[in-house]
Each structure stands twice: as structure tokens, then as C-alpha cells.
Amino acid sequence: MTDDVILYHRDPRYIPRVAAVHDMCGYGKCSLTAAIPILSAAGCDVCPVPTALLSEHTQFPVYTFHDTTDLLGEYLDAWSATGIELDGVYSGFLGSPDQVAIIQRLYREYPKALRLVDPVMGDAGTTYPTYTAELCEAMGALADGADVLMPNLTEASILTGRDYPGQSLTDGQVTDWLEALLALGARNVVLKGIDRGDGAIRNYVASAEAGASARIELAHDKLPYMTHGTGDAFASALCGAVLAGRGLAKSARIAGEFVRHAMANTLNQPQHEHRGVSFELNLGELTTLVR
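Nothing here was measured: the structure is a model prediction, and the numbers come from that model.

1. With respect to the overall build of the chain
If you tally the helices and strands in the chain, you get 10 helices and 11 strands. A compact globule built from 291 residues should have a C-alpha radius of gyration of about 19 Å, and the chain, at 18 Å, falls within 12% of that. For the chain, the C-alpha atoms occupy an extent of roughly 50 × 45 × 40 Å along the three principal directions. Residues counted as buried form 55% of the 291 residues belonging to the chain. For the chain, restricting intrachain contacts to residue pairs at least 6 apart in sequence, the fraction spanning at least 24 positions comes to 70%.

Structure, rendered in C-alpha cells:
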């Protein structure tokens, strides 16, 4: 990809409106807890569509989980009656397979809105505990027609039906995986979290128009620890940068650096091993995008 792909041309006086289709955790930095402040910092009007309510995220040993599918039809009926307009539909963690149809309804009713898909299903080769095989299969329908599809390698393996390869991929393997993801029908793909053990984390950006071999590689210094919620923070920051009018590769670089800086601050916070990435002190990085 020799030229960066600009997906949204923003009038600096305008505040774009984004439906954030994610779960809400009472404790833990992920999903709507991340999407609302991060997108807001990037100058977006965030309209939550809560797919589930959790007391904590699923990495805690005890948590409550309530699927909100039965509420969402009436919820969106009210939006339609009000005449709400959307510039983007950003989806992540889902509570049930039926919620894919809820997102597809948003696509039909807001055909001009960007389709930003973070297929949240698992990490490090493991599927999240609330995700059934049926839900993972249903999630694949969102790849077709996505303006941006943002999987990690675990999610890429689920979407393509391949075995999880581990975090280290050669250049040739990266091209092969990007080709497989683009074949699902996505217009653009951001493949996250390639770790070759050389002190860097790599993300790759590819478009269907240019092909996988014209990908852009983005390398970020790897910190010597991991923390929960970085994927949601990355995807939310990327969406915010895209809706600020930045190119997709530039947006992925902004998101990667935002997460790295937030992780550095996270280490100073109590219970950071469980609570997740603390990005609050870094939100100003995103606000500068729209000033």
C-alpha cells in the first residue's frame, strides 16, 4: 500500500456520531469503558449500544454476565423514530449470535456509516469464556463489507478457520494471513500484535484495492509486560483517528503509540495486573488530532 487510505473526510467544525456496539463492564478497562472516553477525546459523539452488562471483565475469577439482546430491538426502534444519524458503526464484544443481526440492521439503516469491526473473540490462542462456537461463527458475517477489520491473530484464526499460529509470523506468513482476511470481504484489514521476539510489536495494514503484498508495517517498542484491555483501547483510538480524518495506517500508528504510552502509565496504578490499561492520562494525545 503505497498511499495511506483516508476513509473519512472531516469538517473540523463537525462532531461525527458513532454507534459503539460493545459490552459495558462495571470494573475493568475495556469495551464501552474504553470506547466512550477514547472516542470522545478524539472529538466524536459516542452513542453506546450495550451488548452485555458485566460486573467485571472475564479475566477476573468471578464476574456476572447479562446478555442484552432482548432489549436492543426496541432500543434501535427508538433511535429510528428519533431520526438519529450516524457517521460510523464500531462493533466489538457481543453477547450472543443474534446480535450480529442487530449490527447488520444498523448497516441497513445507516448505509453511509463507516463499518469499523473489532471482532473481539479471544487472545493468545484462547477464546473468551462467554464466546460459544455459534457466536464465533456468526461474528464472521461482519467481516464481509467491513471498512476496517481489526483482528488479533487469535481472532484471525477463528475468522479464517485456520489453526492459531502463535504470535510470530514471517513476512511471507503475514502476507498469507492478510490475503485470507481480505478474502472474507473486508475493504481494509489491520492485523494486530505480531511479536517476533525482537523487542517490537508489529501491526499490519492492508487494503483489498492494493492487495496484501502492498501492506504497511508499523512497529512499536514492546514493553516487558502485558495488561488487559489494550486491544479495545487500540481499536477505539484507531476509530477515533480515522474519524478525525487521518489515513488508516496513520491512525493505526497513532493508536499503537497511544496504547504504548498508556501501558507505561498503567504500571504505576494499583491492581494494574487485573484492572487493565489506564489510558486516562494519555487522552490528550487524541484530542490534539482535532485541534
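Having put the structure on the table, let's press on.
2. With respect to the UniProt feature "domain: Pyridoxamine kinase/Phosphomethylpyrimidine kinase" (unreviewed entry) in the chain
Per the UniProt record, the feature "domain: Pyridoxamine kinase/Phosphomethylpyrimidine kinase" (unreviewed entry) sits at residues 38–269. Between the end C-alpha atoms of residues 38–269 the distance is 19 Å, and the span holds 38% helix and 22% strand.

3. Examining helix α1 (residues 32–41)
Among the residues of α1, those classed as buried are L32, A34, A35, I38, L39 and A41. The secondary structure elements touched by the buried residues of α1 are β1 (17–27), β2 (45–56), β4 (88–91), α7 (230–243), α8 (248–266) and α10 (283–287). In the stretch just after α1, G43 is the one whose phi turns positive, near 85°.

4. Let's talk about unusual backbone geometry
One non-glycine residue, S31, lies in positive phi territory at about 50°. If you trace the backbone, S31 turns up in the loop between β1 and α1. The buried category is assigned to S31, whose relative accessible area is 3%. The phi angle at Q271 is positive, at roughly 60°, despite the residue not being glycine.

5. Notes on the environment of C136
Within the secondary structure layout, C136 lies in helix α4 (residues 133–139). Looking at C136, the relative accessible area reads 11%, which means it is buried. Counting along the chain gives 40 residues from C136 to S96, while the straight-line C-alpha distance between them is 9.4 Å. Setting aside residues no more than four positions away along its own chain, C136 makes contact with M121, T127, Y131 and I158.

6. Overview of the packing of aromatic side chains
Overall, the coordinates contain three aromatic pairs when judged by the stated rule. Between Y75 and W79, the ring centres sit 5.6 Å apart and the planes meet at 45°, which makes this aromatic pair tilted. Of this pair, Y75 and W79 are both found in helix α2 (residues 69–82), four residues apart, which corresponds to roughly one turn of the helix. Of note, K29 hangs over the ring of F279, and the distance from its end group to the ring centre comes to 5.6 Å. Its guanidinium or amino end placed over the ring of Y107, R115 lies 4.2 Å from that ring's centre, counting from NZ or CZ.

7. Topic: the packing of α2 against helix α3 (residues 99–109)
When two helices pack together, their arrangement is given by the angle between the helix axes and by the axis-to-axis distance. It is at 10 Å that the axes of α2 and α3 come closest, and there the two elements cross at 10°. Put simply, α2 runs roughly parallel to α3. Residues T69, L72, G73, L76, D77, W79 and S80 of α2 touch α3, and the partners they reach there are Q99, I102, R105, L106 and E109.

8. Quick word on the nonpolar core
Ranked by size, the top nonpolar core spans 47 residues in total, and within it W79, L94, Y131 and L149 carry the most contacts. Judged by nonpolar contacts, the second largest core, of 45 residues, contains A34, A42, M150 and A237.

9. Regarding the pairing of β2
The pairing of β1 with β2 spans nine bridges and is classified as parallel. Each residue of the ladder has a partner; that of A19, found in β2, is C47. Each parallel crossover has a hand, and the one from β1 via α1 to β2 is right-handed. Taken together, the three bridges between β2 and strand β3 (residues 65–67) define a ladder with antiparallel strand orientation. Bridged to L53 within β3 is H66.

Calculation criteria
Residues numbered from 1 in each chain as written. Predicted model: local features only at pLDDT ≥ 70, side-chain atom pairs only at ≥ 80, totals over all residues. Heavy atoms only, no water. Helix = DSSP H or I, 4+ residues; strand = E, 2+ residues; numbered from the N terminus. Rg over C-alpha atoms; globule rule 2.2 N^0.38 Å. Buried < 20%, exposed > 50% of the residue type's maximum accessible area, 1.4 Å probe, protein only. Contact = heavy atoms within 4.5 Å. UniProt positions renumbered as here; feature names shortened; annotations may be inferred. Phe/Tyr/Trp six-rings, centres within 6.5 Å; stacked < 30°, edge-to-face > 60°. Lys NZ or Arg CZ within 6 Å of the ring centre and 35° of its normal. Axes fitted to C-alpha atoms, helices over the stretch in contact; angles between N-to-C directions. Parallel < 35°, antiparallel > 145°, perpendicular 65-115°, else oblique. Core = buried A, V, L, I, M, F, W, Y, C linked by side-chain atoms within 4.5 Å. Pairing = 2+ DSSP bridges. Right-handed = clockwise from strand over helix to strand, strands pointing away.

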